[in-house]
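Okay, here's what each chain looks like letter by letter:
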Amino acid sequence: MQKRTIIVCGLAATYPLGGVAWDYIQYLHGFYRLGHDVYYLEDTGGWAYDPFKVTFVEDMSYHVEYLREYLERLDPGLATRFCVIDPNGRHYGLSAEALAGVVKRADVFINISTTCQLREEYAKIPVKVLIDSDPLYTQEDFPAYLDGTVGQDERWCIDEMLRHDVFFSFGENIREDFCTVPKGLVDWIPTRQPIVLDSWSGAPARPSRDVFTTVLSWQPTEEGPIVGGVRYGGKNLEFEKLIDLPQKTSAVLELALGGGRPPRELLAGKGWKLADGFSMSKTPWVYRDYLWNSLAEFSTAKNAYVATQSGWFSCRTACYLASGRPAVVQDTGFSRFMDVGEGVLAFSDEAGALAGIEAVRADWPRHSQAARDFAKRYFDSDAVLSRLLTEALR
């Protein structure tokens, strides 16, 4: 494909947590490996999260160094390809003049999860791509917008969204009749998380711990979306259906819990092994080591993804798979278009979850190899990003 100048927008510095960094920066890294002239931009207009103080701060010096060190270690060529703009307009990485030059020659602007404010200079870029990584949360207010009853703030947000040219969603079933994510307004094109496979290929042949793990925020801080009079929720609603699971298997099930007010005493009493989510996510490399030292992942998905059968697939789970770590994960409808059963064991109820756990334990080497094969088949950044760019430039 012809070399393009691409700007990718995300939250890797704003939320300096390991999993967040991998989510956004694999777009930058993947496009760079494909030979494109690609830059990473954070221009949210807001403050940054301080995970040590558990609050939001104006000073972004820690966040910028965190990002710079990460990029340098990933590939020295990436260390000069970023710009972070703080709430006061100060530019880190690329200067204001250098960023203006990139924006002027850019072919494609990729706004992941609507993280970047769409300044007028960005709006002049020929192709503006929006990637919805949070199906249903993104489309919650579409019905009210269409019938004219939406609130002023929600209307403004949707109008800003509609200033983009091409729309992609991790909700890969979103066009299907059985999927209950609201339709209309936007013609969503299915996409998924790109994984730079080489970044995950160095995992030990056998993990150091015989433990099923996951990293999660228990419950979103904001209330879940309401669509058609139904309120949808986060992972907590789905985990609560499986609260007694550790008492029904000899497998060790560990939750690295972040925010969301998790009921730690209840979970521990039910047999869940608990770890501190921030400690396991302090840097991208600590996070990667945590995945690498796991036997497999076990996790539910947000209730909103499951109940709508959106087809969403976890970025984190894709990283486990690329590391050769199988995943026993809740089906959001992805089993309709992905070959599950080896490497990825999808469940819809407690019996299916138990069967998946025992299948992995019975033949871990086979499922480990199948996990790597699954990641290459569905998440290889070369294929995912080439397809995304082809669709965007049509």
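Residues numbered from 1 in each chain as written. Predicted model: local features only at pLDDT ≥ 70, side-chain atom pairs only at ≥ 80, totals over all residues. Heavy atoms only, no water.

Undergrad: So, the pairing of strand β9 (residues 166–169): which residues are in play, and what are the values?
TA: Alternating positions in β9 separate into two faces, V166 and F168 on one and F167 and S169 on the other, with burial throughout. Pairing geometry for strand β8 (residues 127–132) and β9, over four bridges, is parallel. In the strand pairing of β9, D132 is matched with S169. Strand direction decides the pairing type here: β9 and strand β10 (residues 189–190), joined by two bridges, are parallel. For F168, the partnering residue across the bridge sits in β10 and is I189. (Buried < 20%, exposed > 50% of the residue type's maximum accessible area, 1.4 Å probe, protein only. Helix = DSSP H or I, 4+ residues; strand = E, 2+ residues; numbered from the N terminus. Pairing = 2+ DSSP bridges.)

Undergrad: Tell me what's going on with the packing of aromatic side chains, and back it up with residues and numbers.
TA: For the structure on display, the rule yields 23 aromatic pairs. Plain terms: the ring middles of Y15 and Y49 are 5.9 Å apart, the flat faces sit at 25° to each other, and that makes the pair stacked. Of the two residues, Y15 sits in the loop between β1 (5–9) and α1 (18–33) while Y49 sits in strand β3 (residues 48–50), which places them 34 residues apart along the sequence. Y15 sits in the partly exposed class, given a relative accessible area of 29%. Between the aromatic rings of F298 and F347, the centroid separation amounts to 5.4 Å while the plane-to-plane angle is 5°, which identifies the pairing as stacked. Here F298, found in strand β16 (residues 296–299), pairs with F347, found in strand β18 (residues 344–347); they are 49 residues apart in sequence, far enough to count as distant. Like F347, F298 is buried. Taken together, the aromatic side chains of W218, F239, W272, F298 and F347 make up a single cluster linked through ring pairs. Above the face of the F178 ring, R336 is positioned so that its terminal group lies 3.6 Å from the ring centre. (Phe/Tyr/Trp six-rings, centres within 6.5 Å; stacked < 30°, edge-to-face > 60°. Lys NZ or Arg CZ within 6 Å of the ring centre and 35° of its normal.)

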